Amino acid sequence: MKASANILIERQAPEVWDFVADIRNMDKWVNGVSDPVPTSEGDWGVGSTFKSDYTYAGKIHPITYVITEFDPPYRLSMRSTSGPFPFEGRTELWEEKDGTRLINSLDAKPTSLFLTVWFAVLGVALRMMMRIQLKKELVRLKASLEEGDLGDIEERE
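Reading the values: the criteria
- Residues numbered from 1 in each chain as written.
- Predicted model: local features only at pLDDT ≥ 70, side-chain atom pairs only at ≥ 80, totals over all residues.
- Heavy atoms only, no water.
- Core = buried A, V, L, I, M, F, W, Y, C linked by side-chain atoms within 4.5 Å.
- Buried < 20%, exposed > 50% of the residue type's maximum accessible area, 1.4 Å probe, protein only.
- Helix = DSSP H or I, 4+ residues; strand = E, 2+ residues; numbered from the N terminus.
- Polar contact = N/O pair within 3.5 Å; in protein donor to acceptor, adjacent residues only side chain to side chain.
- Contact = heavy atoms within 4.5 Å.
- Pairing = 2+ DSSP bridges.
- Phe/Tyr/Trp six-rings, centres within 6.5 Å; stacked < 30°, edge-to-face > 60°.
- Salt bridge = Lys/Arg side-chain N within 4 Å of Asp/Glu carboxyl O.

**Q** Talk me through the nonpolar core; I want residue IDs and the actual numbers.
**A** Core analysis: the biggest nonpolar cluster contains 33 residues, and Tyr65, Leu102 and Leu141 have the highest contact counts within it. Put simply, the parts of the chain that give this core at least two residues each are strand 1 (2–9), helix 1 (13–21), strand 3 (49–56), strand 4 (59–71), strand 5 (75–82), strand 6 (87–96), strand 7 (99–108) and helix 3 (123–147).

Have a look at this one:
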């Protein structure tokens, strides 16, 4: 199940990249993520790993990730290697006249025959819900980068 959302951030691509590519910032803009921590040594790039907790369906799930694409300051892709469901995520940055267009995509995979059928039957509604969630996250990211203060973002969502 694939979904994506995009937003224009009034900052230059390198500034947006520095924030987004630092996975320690994920919990500041990605809903449900907490305590993101690198788990690999060396330079950050393809093959680097990290972990976080993810709150889903009222439960906290540990997730591990691997970076699958790293092209500063334009593309960062990752996939989960453990967690409640497998997924791949991609963040793309495009320089525009008024700032940086950020596109965030997610491809969630079903883990059972039941979920495969559920994705097929409810696909349109699930994809819409995923897009709404991705858009909320991008609004939060935009606010943190443009306003520099996450203090009252929760109240505005």
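**Q** With reference to specific residues and values, describe the side chain of Thr91.
**A** With respect to the helices, strands and loops of the structure, Thr91 is situated in strand 6. Given the relative accessible area of 6%, Thr91 is considered buried. Within the structure, Thr91 has its side chain in polar contact with the side chain of Asn104 (distance 3.1 Å). Look past the residues within four positions of Thr91 in its chain and what remains in contact with it is Val20, Tyr74, Arg75, Leu76, Leu102, Ile103 and Asn104.

**Q** Before we move on, can you summarise the pairing of strand 3 with the specific residues and values?
**A** Of the strand pairs in this sheet, strand 2 (residues 33–38) and strand 3 are connected by 4 bridges, and their pairing is antiparallel. Its bridge partner lying in strand 3, Pro38 is registered against Phe50. As paired strands, strand 3 and strand 4 are joined by 8 bridges and run antiparallel to one another. Looking at strand 4, one finds that Ser52 is bridged to Ile63. Connecting the antiparallel pair strand 3 and strand 4 is a turn made up of 2 residues, with Ala57 showing a positive phi of about 55 degrees.

**Q** Could you give me a rundown of the packing of aromatic side chains, with the residues and numbers involved?
**A** Per the counting criterion, the structure on display carries 8 aromatic pairs. With a centroid separation of 6.0 Å and 50 degrees between ring planes, the pair formed by Trp44 and Phe50 is classed as tilted. On the accessibility criterion, Trp44 (25% relative accessible area) is partly exposed. Residue Phe50 is classed as buried on the basis of its relative accessible area of 0%. Geometrically, the ring pair formed by Tyr54 and Tyr56 is stacked, given 6.2 Å between the ring centres and 20 degrees between the ring planes. Tyr56 sits in the partly exposed class, given a relative accessible area of 41%. The structure contains a cluster of three or more aromatic residues connected by ring pairs, namely Trp44, Phe50, Tyr54, Tyr56, Tyr65, Phe85 and Phe87.

**Q** A description of the pattern of salt bridges should follow, citing residues and the corresponding values.
**A** One pass over the full model with this rule turns up 7 salt bridges. Between Glu69 and Arg75 there is a salt bridge, with its nearest N and O atoms 3.2 Å apart. Glu69 sits in the partly exposed class, given a relative accessible area of 23%. Taking the shortest distance from any N to any O, the salt bridge between Arg90 and Glu69 comes out at 3.2 Å. One end of the pair, Arg90, is in strand 6; the other, Glu69, is in strand 4, and 21 residues separate them in sequence. Note on Arg90: relative accessible area 31%, which makes it partly exposed. Here the salt bridges share partners, and the residues they tie into one network are Glu69, Asp71, Arg75 and Arg90.

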